Amino acid sequence: MSQFSGVQSVIYGVGNLEEAKAWYTTLLEVEPYFDAEFYVGFNVGGFELGLNPDARNVTSRADGVVAYWGVADIAAQVERMNGLGARQHGEIVDVGEGILMASFLDPFGNVFGLIQNPHFKLTPTPSE
């Protein structure tokens, strides 16, 4: 059995924490569960999206790892993100078997991925 339980947190570096908090609150349609001057955390379907002003020193986030957040209707979310001022980083791509992916640059320079995957189901992790 793997010692890893899966992705739990994705943390984005931001220059202006208050501006980023407001933008992500609008995008995610949920208030942060943790809100401090050094970090803001959102619960997104049981996973954490964090905003960290100290992570701004990371080099070239746009070319690094992309976290893909699941959505039920990718076309609607692409339209919505465009309306919120995100810049499309990758068009909607059908990668097979009904799985659709796209990515954006948020207003703070981070890559934000979207995935519509009809096959994905959360698997409960065994209790310790």
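Reading the values: the criteria
Residues numbered from 1 in each chain as written. Predicted model: local features only at pLDDT ≥ 70, side-chain atom pairs only at ≥ 80, totals over all residues. Heavy atoms only, no water. Salt bridge = Lys/Arg side-chain N within 4 Å of Asp/Glu carboxyl O. Helix = DSSP H or I, 4+ residues; strand = E, 2+ residues; numbered from the N terminus. Patch = residues over 30% accessible without salt bridge, like charges linked within 9 Å, V, L, I, M, F, W, Y side chains within 5 Å. Areas by Shrake-Rupley, 256 points an atom, 1.4 Å probe, with all protein chains shown as cover. Buried < 20%, exposed > 50% of the residue type's maximum accessible area, 1.4 Å probe, protein only. Pairing = 2+ DSSP bridges. Axes fitted to C-alpha atoms, helices over the stretch in contact; angles between N-to-C directions. Expected span 1.5 Å × (residues − 1). Contact = heavy atoms within 4.5 Å. Polar contact = N/O pair within 3.5 Å; in protein donor to acceptor, adjacent residues only side chain to side chain.

J.: Please clarify how the pattern of salt bridges should be interpreted in this entry.
T.: When the charged atoms of two side chains lie near each other, side chains of opposite charge can form a pair. Considering all chains together, one arrives at three salt bridges under this definition. The closest approach of N and O atoms between Asp-35 and Lys-21, which form a salt bridge, is 2.7 Å. Remark: Lys-21 occurs in helix α1 (residues 17–28) and Asp-35 occurs in strand β2 (residues 34–36); sequence separation between them is 14 residues. We note a salt bridge from Glu-29 to Arg-80, for which the minimum N-O separation is 3.6 Å.

J.: What should I look at first to understand a nonpolar patch on the surface in this one?
T.: Judged by side-chain polarity, Tyr-33, Phe-34 and Phe-38 come together as a nonpolar surface patch covering roughly 340 Å² of accessible area. Within the secondary structure, Phe-34 is located in strand β2. A residue is classified by how much of its surface remains accessible, and Phe-34, at 34% relative accessible area, is partly exposed.

J.: Sorry, what's going on with the sheet that holds strand β5 (residues 68–70) here?
T.: Hydrogen bonds between backbone groups are what pair the strands of a sheet, and the pairing can be parallel or antiparallel. Taken in spatial order, the four strands line up as β5-β8-β7-β6 in an open sheet, and their pairing is mixed. A single partner strand is all that each edge strand has here, and the edge strands are β5 and β6 (87–96). Between one strand and the next, the sheet's axes are offset by a mean angle of 25°, whatever the strand orientation. In terms of strand pairing, strand β7 (residues 99–105) meets strand β8 (residues 111–116) through six bridges, oriented antiparallel. Looking at β8, one finds that Leu-105 is bridged to Val-111.

J.: Looking at this structure, I do not really get α1. What am I missing?
T.: Owing to its 3.6 residues per turn, the α-helix brings residues three or four apart onto one side. Between the first and last C-alpha of α1 there are 16 Å, a value that for 12 residues agrees with the 16 Å anticipated at 1.5 Å per step. Structurally, α1 contributes buried residues whose contacts are with β1 (9–13), β2, β3 (39–44), β4 (47–52), α2 (74–83) and β8. Residue Asn-16 occupies the N-cap position of α1, its side-chain oxygen lying 3.2 Å from the main-chain nitrogen of Glu-18. Just downstream of α1 lies Glu-29, where phi reads positive at about 60°.

J.: What is the right way to read the sheet that holds β4 from this model?
T.: The mixed open sheet is built from four strands, whose spatial order is β1-β4-β3-β2. Every interior strand has two partners, whereas the edge strands, β1 and β2, have only one. Taking each pair of neighbouring strands and ignoring which way they run, the sheet shows an average axis angle of 20°. Note: β1 against β4, five bridges, orientation parallel. Considered in β4, the bridge of Gly-13 is made with Asn-52.

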